[in-house]
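# Notes for the structure review
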Amino acid sequence: MDSTIASPSTPKWNVDRPFLTGRFHQETKFTSGVAESKGSSMDLFGPGVDKPMGCYPAAIQELIVIDDLLSALVGIEGRYISIRRVHGKDDSVTFQVDASMDLALQARISCDTCYGSKWDECSALFIWNISRCVELGTSLTYLSQFKSGLVNHAFAAAIRTLLLDYQAMVAQLEHQFRLGKLSVQGLWFYCQPMMGSMQALSIVVKKASASNFIGSAVLNLLQSQAKAMAGDHVVRSLLEKMSQSASQAYLGILERWVYEGVIDDPYGEFFIAENKLLQKESLTQDYDAKYWQQRYSLKDDIPSFLANAADTILTTGKYLNVMRECGHSIQVPVAENAKLTTVGSNHRYLECIKAAYDFASGELLNLIKDKYDLMGKLRSIKHYLLLDQGDFLVHFMDIAREELMKKPDEISVEKLQSLLDLALRSTAAVADPYHEDLTCYVERMTLLKRLSTLKDLQISQIVSDRSDLEEPVTITGLETFSLSFKVRWPLSLVISRKALTKYQLIFRFLFHCKHVNRQLCAAWQLHQVIEPNWHVLHNRLQTAKSIDEVIQYHDFFLDKCLRECLLLSPVLVKKLEKMKLICLQYAAAVQWLITYSTDTPKTDIPDVDKYKQLKLRTRTQTRKVGSENATVIESILKFEREFAGELQSLGPILSSSSRAEPYLTHLAQWLLGVGRD
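Residues numbered from 1 in each chain as written. Predicted model: local features only at pLDDT ≥ 70, side-chain atom pairs only at ≥ 80, totals over all residues. Heavy atoms only, no water.

### Describing the overall build of the protein
Scanning the protein from terminus to terminus reveals 26 helices and seven strands. Across the 677 residues in the protein, those meeting the buried criterion constitute 48%. Counting only contacts in the protein whose residues sit at least 6 apart along the sequence, the fraction spanning at least 24 positions is 72%. (Helix = DSSP H or I, 4+ residues; strand = E, 2+ residues; numbered from the N terminus. Buried < 20%, exposed > 50% of the residue type's maximum accessible area, 1.4 Å probe, protein only. Contact = heavy atoms within 4.5 Å.)

This is the structure we're talking about:
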């Protein structure tokens, strides 16, 4: 039991007062199973005994024995039958009979009723022991304490109900005895059917109290004992009935969870644990937030009859709890015959749980998709972070170019934000209802190093040389600029800090490619990575049946985009970064040469045809060009050789990687010339 759960303590008088607990019998110490008695044998028996039983005729002795046996059956000492508690491992009790009893009567009692000189081996002892335990005696003291939980309380109450029937039977036997119609054999005949049941219950009670079982453990113990008694229909039926009674309180906790999303578990018996330290706000703040996975979690001890439905039960309550956190009060509509009041062999309770799950899942999904417009939010994120609509970005890159060319420490994020807002208001993005949720910030590390810090990503290859991860000296805002998005509960379940970080990784990659695209007009091809995956995500979300499926599809979309943009392969990212750098240097050199040679206006994007003409001209007229031009041309040719070398070295890497990542096959073939016409 959870030690942090406070519960009332059992009053001392409720344990110590002997006539309230059934522990009023004398105590004696046994060393080898034999009582160490002092004085005469008469001292062992009850008050009012003036002579041994042997002084009476055999017929009278039988009547005395029956009278004492009836008293013993309800835990009361007779005149010639005394009760002794033995201090030892089991803290058991023994019943002692006057040794002067008629030998024939002793034989009949010992043979017919097992009431020999030691009654601790007799089934009747278990009958009395159960009675004593229910009244906060030795064995059931634990079960009846407040801290033992609702299941144990219900179990003890069921035993008390059973004992009422038992005591009624003893009263009827006494009535027959008073009428002179009860013999020793008759007493045995009426008591025998109950002995097996009481013994089985006594075993369960002792095991539960010895092991401090509560909640699920008690229910599992009762069910396992019932299965073990498959050959005894009466005992098995009794244990199953006790299990049903004990499970009522547990089912009440379960019902509130699957129908309301509330854990009403004052003694920590339920198999679902709540971690109140985890708050939903962490979803938007912490990349490794465990709110959805660990705010509510399964314990190890689960009732066997709920084991197969445990995950469904957990998820159902989580869905309902999310709606409660949104202020959306909702309760699963429950028909009178669908209440979780019993667990029978017909498994109807499993159908009720499944129906509750379907309802909760559908309601939460509709709430998030309709009221909180999940698809609209995802479309906005796609527009801005996946560059689906790049008009605002082109405008932003134009007006923020000067700021983005600075080193990260020198960039004013506030200025970038104001420029971003201006770009949004000046383009079609202003019609987006969520454009005001877009913010910008500047990272302090390169994309490759940022990827290396995220340990949960399934990186396919690891950079062997740590020097490859060192920050370059010339890093600027173009390599570190990123966008973010304000996300509120409950959309943060889907668009969490981790999901946004993955979006930002893709954005940083695409943004830098967009920068290169402005120089080489080639980054448009990257959209043939994003668009097919987006269509798959869009179609899947239309058919999703639960928020968990939404999360799964969304995460799969992001991971697939990361993988197909080669971001999960640091070796390939390093190659691409090197090739992009060569492209930028190449474009800058060509642009300078064109400007210098033709005296044309400076443009960001060089004309490809002019470059071809320039290339032919530079090979025949190199001597006519000044020393500066010759240096630039040599640099351009060097860039071309370097780029070709990097491209050729990229082919084998892609070819080897395509075995594990089939989507790289076509790119590898193209680079190696296999797929060219």
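### Some details on the pairing of strand S6 (residues 438-442)
Judged by which residues are buried, S6 turns out to be one-sided: Leu-438, Cys-440 and Val-442 face inward and are buried, whereas Thr-439 and Tyr-441, on the alternate face, are not. Relative to strand S7 (residues 481-485), S6 runs antiparallel, the two sharing five bridges. Counterpart to Cys-440 in the pairing with S7 is Leu-483. (Pairing = 2+ DSSP bridges.)

### Remarks on the state of the cysteines
Inspection of the entire model under this criterion finds zero disulfides. There is no disulfide at Cys-513, and the cysteine sulfur nearest it, in Cys-565, is 7.9 Å away. (Disulfide = S-S within 2.5 Å.)

### Quick notes on unusual backbone geometry
For residues besides glycine, phi is generally negative; the peptide bonds are generally trans as well. Geometrically, the link from Trp-489 to Pro-490 is a cis peptide bond, its omega value of 5° lying close to zero. Mapping Pro-490 onto the fold places it in the loop between S7 and helix H20 (497-520). Even without being glycine, Asn-212 reaches a positive phi, approximately 55°. Its place among the elements puts Asn-212 in the loop between helix H8 (184-210) and helix H9 (216-228).

### Comments concerning the nonpolar core
Formed by 164 residues in total, the largest nonpolar core has its most connected members in Phe-155, Ile-313, Phe-396 and Leu-483. Among the elements that take part in this core, helix H10 (residues 233-260) stands out by supplying twelve residues, more than any other. Apart from the residues lying within four places of it in its own chain, the contact partners of Leu-483 are Tyr-384, Leu-385, Phe-392, Leu-420, Leu-438, Thr-439, Cys-440, Tyr-441, Gln-504 and Phe-507. In this structure, Ile-582, Tyr-586, Ala-589 and Ile-633 belong to the second largest nonpolar core, which totals eight residues. (Core = buried A, V, L, I, M, F, W, Y, C linked by side-chain atoms within 4.5 Å.)

### With respect to the environment of Phe-485
If you trace the backbone, Phe-485 turns up in strand S7. Of the residues examined, Phe-485 reaches a relative accessible area of 4% and is grouped as buried. Once the C-alpha coordinates of Phe-485 and Ile-495 are considered, the two residues, ten residues apart in sequence, prove to be 9.4 Å apart.

### Brief notes about the packing of aromatic side chains
Following the criterion strictly, the structure yields 15 aromatic pairs and no others. Within the aromatic cluster, the residues linked to one another by ring pairs are Phe-396, Phe-481, Phe-507 and Phe-511. Between Lys-280 and the ring centre of Trp-489, over which it is positioned, the NZ or CZ distance is 5.8 Å. Lying across the ring of Tyr-287, Lys-498 places its NZ or CZ 5.4 Å from the centre. (Phe/Tyr/Trp six-rings, centres within 6.5 Å; stacked < 30°, edge-to-face > 60°. Lys NZ or Arg CZ within 6 Å of the ring centre and 35° of its normal.)

### Overview of helix H3 (residues 58-73)
The end-to-end C-alpha distance of H3, which contains 16 residues, comes to 22 Å, matching closely the 22 Å that a straight helix rising 1.5 Å per residue would cover. Taken together, the buried positions of H3 are Gln-61, Glu-62, Ile-64, Val-65, Ile-66, Asp-67, Asp-68, Leu-69, Leu-70, Ala-72 and Leu-73. (Expected span 1.5 Å × (residues − 1).)

### A word on the packing of helix H7 (residues 149-178) against H10
Direction vectors running N to C along H7 and H10 enclose 145°, while the axes themselves pass 8 Å from each other. Along this stretch, H7 crosses H10, giving a crossing that reads as right-handed. Here Leu-150, Val-151, Ala-154, Phe-155, Ala-158, Ile-159 and Leu-162 of H7 lie close against H10, whose contacting residues are Leu-238, Met-242, Ser-245, Ala-246, Ala-249, Tyr-250 and Ile-253. When its residues are assigned to classes, the contact of H7 with H10 shows 13 nonpolar, one polar and no charged. (Axes fitted to C-alpha atoms, helices over the stretch in contact; angles between N-to-C directions. Left-handed = near helix turned anticlockwise from the far one by under 90°. Nonpolar A, V, L, I, M, F, W, Y, C, P; charged D, E, K, R; others polar.)

### Concerning the pattern of salt bridges
If the charged atoms of two oppositely charged side chains come close together, the side chains can form a pair. Going through the model one piece at a time under the given rule, you end up with 24 salt bridges. A salt bridge links Glu-281 to Lys-280; the shortest N-O distance between them is 3.8 Å. Taking the relative accessible area as the measure of exposure, Glu-281 reaches 38% and is therefore partly exposed. One salt-bridge network, held together by shared partners, links Asp-67, Arg-79, Glu-174 and Arg-178. (Salt bridge = Lys/Arg side-chain N within 4 Å of Asp/Glu carboxyl O.)

### What about the side chain of Gln-504?
With respect to the element layout, Gln-504 can be found in helix H20. A polar side-chain atom of Gln-504 sits 3.3 Å from a polar atom in the side chain of Ser-484. If we skip the residues at most four places from it in the chain, Gln-504 touches Leu-385, Tyr-441, Ser-482, Leu-483, Ser-484 and Arg-497. (Polar contact = N/O pair within 3.5 Å; in protein donor to acceptor, adjacent residues only side chain to side chain.)

### Re the pairing of S7
With five of five residues buried, S7 lies mostly within the body of the structure. Of the two faces of S7, the one holding Phe-481, Leu-483 and Phe-485 and the one holding Ser-482 and Ser-484 are both buried throughout.

### Points about the packing of H3 against H8
Relative orientation of the contacting elements H3 and H8 amounts to 25°, with a least axis distance of 10 Å. The orientation of H3 with respect to H8, classified from their angle, is roughly parallel. Touching Glu-62, Ile-66, Leu-69, Leu-70 and Leu-73 of H3 are Val-184, Gln-185, Leu-187 and Cys-191, all from H8. Tallied by class, the residues present in the contact of H3 with H8 amount to seven nonpolar, one polar and one charged. (Parallel < 35°, antiparallel > 145°, perpendicular 65-115°, else oblique.)

### Some thoughts on the confidence of the model for the protein
In this model, the protein carries a mean pLDDT of 78, and residues with pLDDT of at least 70 account for 73%. Averaged pLDDT values for the elements of the protein fall to 39 in helix H5 (residues 123-134) and rise to 95 in strand S5 (residues 296-298). (pLDDT = per-residue confidence, 0-100.)

### Regarding the side chain of Ser-482
Positionally, Ser-482 belongs in strand S7. Discounting chain neighbours no more than four positions away, the residues touching Ser-482 are Thr-439, Cys-440, Tyr-441, Gln-504, Phe-507 and Arg-508.

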